[in-house]
Each structure stands twice: as structure tokens, then as C-alpha cells.
Amino acid sequence: MRLGLLGLLLSLTRSCLCDPQQQTCHPGDELLGRCSNSVAGDKTTCTEMNLGYCNDMEYSRTIFPNILGHRSRMDAESGPEYLLLSVIHGLLNGECSPEIRLLGCSVLASPCQDGKMIKPCRSTCDALRKDCAHAFEAIEMAWPYFLDCDRFFASDQEGCFDPLAGLKARQELEMSSLSPEEPSTIIQFTYTSNAQMYSFLKRTAAKCPQISHVYSIGRSTEGRDLLVIEFSNNPGQHELLEPEIKLVANMHGNEVLGRQLLIYMAQYLCSEYILGNQRIQALINTTRIHILASMNPDGYELAASEGHLLNGWTNGRTNAQNIDLNRNFPDLTSIFYRNRRSRHYRIDHIAIPDAYWFGKVAPETYAVMKWIRSLPFVQSASLHGGDLVVSYPFDFSRHPQEERMFSPTPDEQVLKQLARTYADAHDTMSNNDTERCGASFYRTRGIINGALWYSFAGGMSDFNYLHSNCLEITVELGCDKFPSEAELYLEWKRNKEALLSFMESVHRGVKGVVTDLDGNGIKGATISVKGIRKDVTSAEDGDYWRLLNPGTHILTVTAKGYSRVSKRVYLPHNLNKAGRVDFVLKKVPIEPDIDDHLFPTLDTWDRFDPYNQFERYGEPDVREGGIERQEKPWWWNYFSQSGISPPNWLLRSV
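So, here is what we can say about the structure in this document. (Residues numbered from 1 in each chain as written. Predicted model: local features only at pLDDT ≥ 70, side-chain atom pairs only at ≥ 80, totals over all residues. Heavy atoms only, no water.)

## Remarks on the state of the cysteines
Applying the stated criterion across every chain, the model contains six disulfides. Each disulfide pairs two cysteine sulfurs, and for Cys-121 the partner residue is Cys-160, the sulfurs being separated by 2.1 Å. When the S-S torsion is 90°, as for the bridge of Cys-121 with Cys-160, the disulfide is right-handed. Of this pair, Cys-121 sits in the loop between strand 4 (116–117) and helix 6 (122–138) while Cys-160 sits in the loop between helix 7 (149–152) and helix 8 (165–177), placing them 39 residues apart in sequence. Take Cys-160: its relative accessible area is 22%, and that puts it in the partly exposed class. (Disulfide = S-S within 2.5 Å. Helix = DSSP H or I, 4+ residues; strand = E, 2+ residues; numbered from the N terminus. Buried < 20%, exposed > 50% of the residue type's maximum accessible area, 1.4 Å probe, protein only.)

## Structural notes on the sheet that holds strand 6 (residues 225–231)
On the basis of which strands lie adjacent, the open sheet formed by eight strands has the order 5-6-8-7-9-12-10-11 and mixed pairing. Edge strands, defined here as strands with exactly one partner in the open sheet, are strand 5 (212–219) and strand 11 (447–449). Each strand of the sheet is rotated relative to its neighbour by a mean of 20°, with strand direction disregarded. Bridge count for strand 5 against strand 6 is six bridges, and the pairing is antiparallel. Within strand 6, the residue paired with His-213 across the bridge is Glu-230. (Pairing = 2+ DSSP bridges. Axes fitted to C-alpha atoms, helices over the stretch in contact; angles between N-to-C directions.)

## Remarks on the pairing of strand 18 (residues 565–571)
Looking at chain direction, strand 17 (residues 551–558) and strand 18 are connected through seven bridges and run antiparallel. Across the sheet, the residue bridging to Ile-554 is Arg-568, located in strand 18. What sits between the antiparallel neighbours strand 17 and strand 18 is a turn of six residues, in which Gly-561 has the positive phi angle 90°.

## A look at the packing of aromatic side chains
Summed over the entire model, instances satisfying the criterion amount to 23 aromatic pairs. Ring centres 5.7 Å apart and planes at 65° place the aromatic pair Tyr-268 and Trp-492 in the edge-to-face group. Of the two residues, Tyr-268 is situated in helix 10 (residues 257–275) and Trp-492 in helix 18 (residues 488–504); the sequence distance between them amounts to 224 residues. An identical accessibility class is assigned to Tyr-268 and Trp-492; each is buried. Ring centres of Phe-329 and Phe-463 lie 5.5 Å apart, and the angle between their planes is 40°; on these two criteria the pair is classed as tilted. One end of the pair, Phe-329, is in the loop between helix 12 (297–310) and helix 13 (332–339); the other, Phe-463, is in helix 17 (residues 460–467), with 134 residues separating them in the sequence. In this pair, the class of Phe-329 matches that of Phe-463, namely buried. An aromatic cluster is defined as three or more aromatic residues linked by ring pairs; in this entry it consists of Phe-189, Tyr-264, Tyr-268, Tyr-489 and Trp-492. (Phe/Tyr/Trp six-rings, centres within 6.5 Å; stacked < 30°, edge-to-face > 60°.)

Keep in mind that these numbers describe shape and distance, not what the molecule does.
What follows is the structure, encoded as C-alpha cells:
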């Protein structure tokens, strides 16, 4: 229906705008004095403003005929221009509103002063057209004909008025009313559709191109972009020793608050950096931040269609395939539990079992896994809704029959501190009020081990921990999964400091570069900490990051074909940045060793989607309009259900 209306409006606005008396002179040419549509009895008349969509203009009297040649209010209201003004807010999904409407009204009903028309300013039109180009491009609509800046607007020298002056004055007044402690950035605290979200993120990146850019990590089941906005003083590139952090929200489509908070945070980071906020500038200049505001845009579409009042506890939770994305990741935690007693078994960078690829893998899960593998993320937060608490891995109980059992990782103390950082900076999460949302966690001050709360397999946080260097916490933002718009500003105030503190906390522990004697970085070197049986590996250029709490630690670095080097490191409690600890390794002859399997090889960690079953996500299925899938052989379901990897000779037959 919307496309049909848009087509009608486009055809109307591109056609000759004729009145019942069949104009022969183009209104713009008439204004330039080249010809005239005047008939006997025509004369300019000042009259009271009485156009419904324009009654909030800063003046009360207008003039007819107007700039477009309409001779009366009735002519103006029956024209396609007025019709377009009445629906432009919906067509542009709220973008550039009310500016576009006010600009249109300045043409349809220009102010009358001393019996003469005052035209709107061309500079205002040019600026708004530039700012709103992205919104019109998003719906493939041309800039409206009757807002032609050259034809229907006047220069400052000719004498003109700014139709947006009143709006700007009100915004400045709101800005001046903020206390010094309040942010200088003005944010519109409303919900955003998927189209609006994409537009906001792209517009933010365009506003701050020196520190941000947007990129897509893949598409949802229904083909929507999984759009990420990145902030860094060198966007698009990994910088040596600069830690990378990610924030992910809306994994469950009906848990919408986190999505909005991350959209607001993107706008805030951009604006505050420009305004000279030293804290934000320091954060962005030393950190590479990746924000995925919606991991499940399809689910959000369903939840948003019901709205705040009607949305239930589960509608929109899953993706369009009815898959719960936070149960869809490879269950590496069970592998960890089975092998944790083996002294030689490596529990970091656990490979994805081949059997996983024989199950149902959502395109959203697939895209995020590739994303996790492609960048050296250090820490992460996944934003959810339904309670008020921060949980941390493991989320899957060490005894599957026990639904609530404390199941710590080797990094229990570090993860606990990460969770504490967010909870303590939140306005209410860690207080001892027993009547509030999340009161059941007041004894632990708003944090809990995930499996102790409730156990589930296939979660994203456990996958991050066991498959990569990244430590991820899960933030439950509140008991209402879809709060009203009136709550959005309050929730921003409650969570803004927590989000900033969490991002800043990546700068602790140790960091450094692993090189050979010639100064070349060594990729894939293993950095071990005595007493913590979870290693991290160095990135492409040999740099590494290891989150650690204050104290004395013994670090050991190994790499295949190089000597082993150990160092003792002391991290004082008052250290407010990561300590720098570099390692230089000497090449040694490679000898076969029982520990060879401790290092990732092409046969283990690098085996991702080995049978190319899911790389084809995003290609249309011409038969049903869905996602194209490769036909599976007759034995596929057997191995998928049994959890056993099929033999190589059988796989080669696929």
C-alpha cells in the first residue's frame, strides 16, 4: 500500500501542476516575470493562515496566489504538494521531521507582510536537502519538485525568511536549559524502525567520517542487513595494540531496549567527540568500538508491529526461522567439560565440531560467528531484557541435569569484575532495594554466574569465551522487554555511564607485542597466565591483550618453531591502563611433540563451514523466495541427530 501511494505521489509531483483553469505558464517562470497565468480579476490577497498541516508556522498571515500559483486555500489543500506534506512523515519513517513539512509549508503558504510575499531562504533549503538526501535515497524517492531550491526560494540578498528559525530557537533553548552535568548531545528518545535505524547509523557515520564508518556483517533470514557502526580514530583498520570491543543488542527481537540504547550511544559518541568531550575523545582515540544494534531485525519487525502495549513475552523473540539465536551457537561448553581433566587438552580456541554444521544454523548466527573470528575482540557485552542483572559465563551447567549450578570459567575473577564494572556504574542494578526490578540479585549486587541463574547450551557468551580471545558478559536491562517510549530517556540515564565504564574497562590487564629477533610480529603465539587455564593468542601483527585483575602474574609465551619466554608482571591496584609487556622469541628447530595439537591447525580451528552449507545464505531461493539451501544426502539427518561426525570418505561424496 505504501509503495502504491508513493508511486502516485511521485507521478503527481513530477507532472504539470495545473489548476482547473489550465495554467499555460509554469509557476516558476511566472515568478521570474517571463509569462503570466493571471486572469481578469486576479490580485494578490493577504489572508489568515488556515492550512491544517501548516498552522504551527511562526506567522499567522499568508498570501494567495502562492509561489506555486494556487489562487486560494482550497486550491492549495487539493493539490498533490499538500497531500505529500500530509504523509511525508510516514514515508520517511520520521526522518527529517518536522523540517521537511515546515519547508513545504513555507512554499505553499509564504508569509505576507505589507501586502507582499516573503519567500523562504534558499540557504535553508540547500542545507536541508543535503541533510535529508539519505532519507529520500532510502525509499528511492526524488527530492520533491515544489521544494526546488533554485526556483522557489530566495537568496539572503533578495530578502527572505528562514522557515526553520523557530524550530532552531526551541532546540537552542532546550540545549541551554541542560545543566552542565547533562550531555551536550541532543537525542530523540523514540523507537526506530529498521529503516530508521539503518538511516541513523549511516547518517551518524557521515557526520563523523574521521572516526566512524558502517559495515554489514551479513544478512538476516529475510534479507535485512546486520549493520555495524565502528568508532576509532582510524576507522576500518586494526591498529597495533589498540583493543577491539563489541556491543551487541536485540539478539532476541522483542528485547528492544538494548537496541535503542546502542543507537543512542552511536549518536552520543559521534556528537560528543565533535564537541570536544575529552573522555569520549580519549576512549575513541585508544579503542576500536564495534556496535551491532540489532542482531535480529526480523524478530524486531514482528515485535514492533505489535508495539509496547500488545507485545507478549515471546512474540518476536526468535528469528524468522523460529530459531532462538542464543541457543544456536556451537555447544563448545560440553566439549570443555568432557576434556577439562586432560592436562594436554587446550581449552581456548576450541574448534567447531563438524557435526554442528549438519544442524540448523541461522544466518544471523553464522554472520556473528564469522565476525567473531575475523577480528581480535578483547571483550564484549550482549544486551537483553527480562530482568535487571549482569550474568557471565559459563551459561551451561557443568552437570547438564542441574539447571542451576555454579559453573565458573578459568577466568571467573576477571569475568566477575567485568560484570561488576557494569552493575556498579548502573543507577540501580547493584543497590539493596528489595522492591525493585532485579531485587532477587541484591545479595550479589546485581551480578550472577549464568549457569547458577539458569542453564542453557549454545549461548553466544560461552562461544565467545571458548572459541576466541573475547570475554563477553550478558546484560539484562530491565523487567520490561518492550518499555514505553516515555521510559527511554530514563533508561538512557541509567545505562549511559555503565556502557561507557564497560568500554573503558578494556584498558586493564596487560598488552604487548610478540616478535621474532628481527622485530617481525608473530601471529598465533599463545600467551598463558599461571593459574588461569585459558590462553589468548596474538593477532595478525603479533599484538595481544590479556584482561587481568590487579596482582602478580607469571606470563609465558610460546609459538610453534620458537623458544618459550616467561615474565613476572605486577599490576598495581591504582593502574588505570593496561601494562605493556612485550616478548621477543628466538627461532628453534621444530620437533614433533605430544603438545603439537595445542596449536590451532587448518584441520581444527580453521575449519569453519567446511562443506560450504551456509556460505550461500543471502542468495534468493527462486522456488520459494526464501534462503537457498543445498540438497542434503540421505545420511545427513542421521549424523546430525547423533552428533557424530561423518567419515571423510562420505563427506567427499557430497
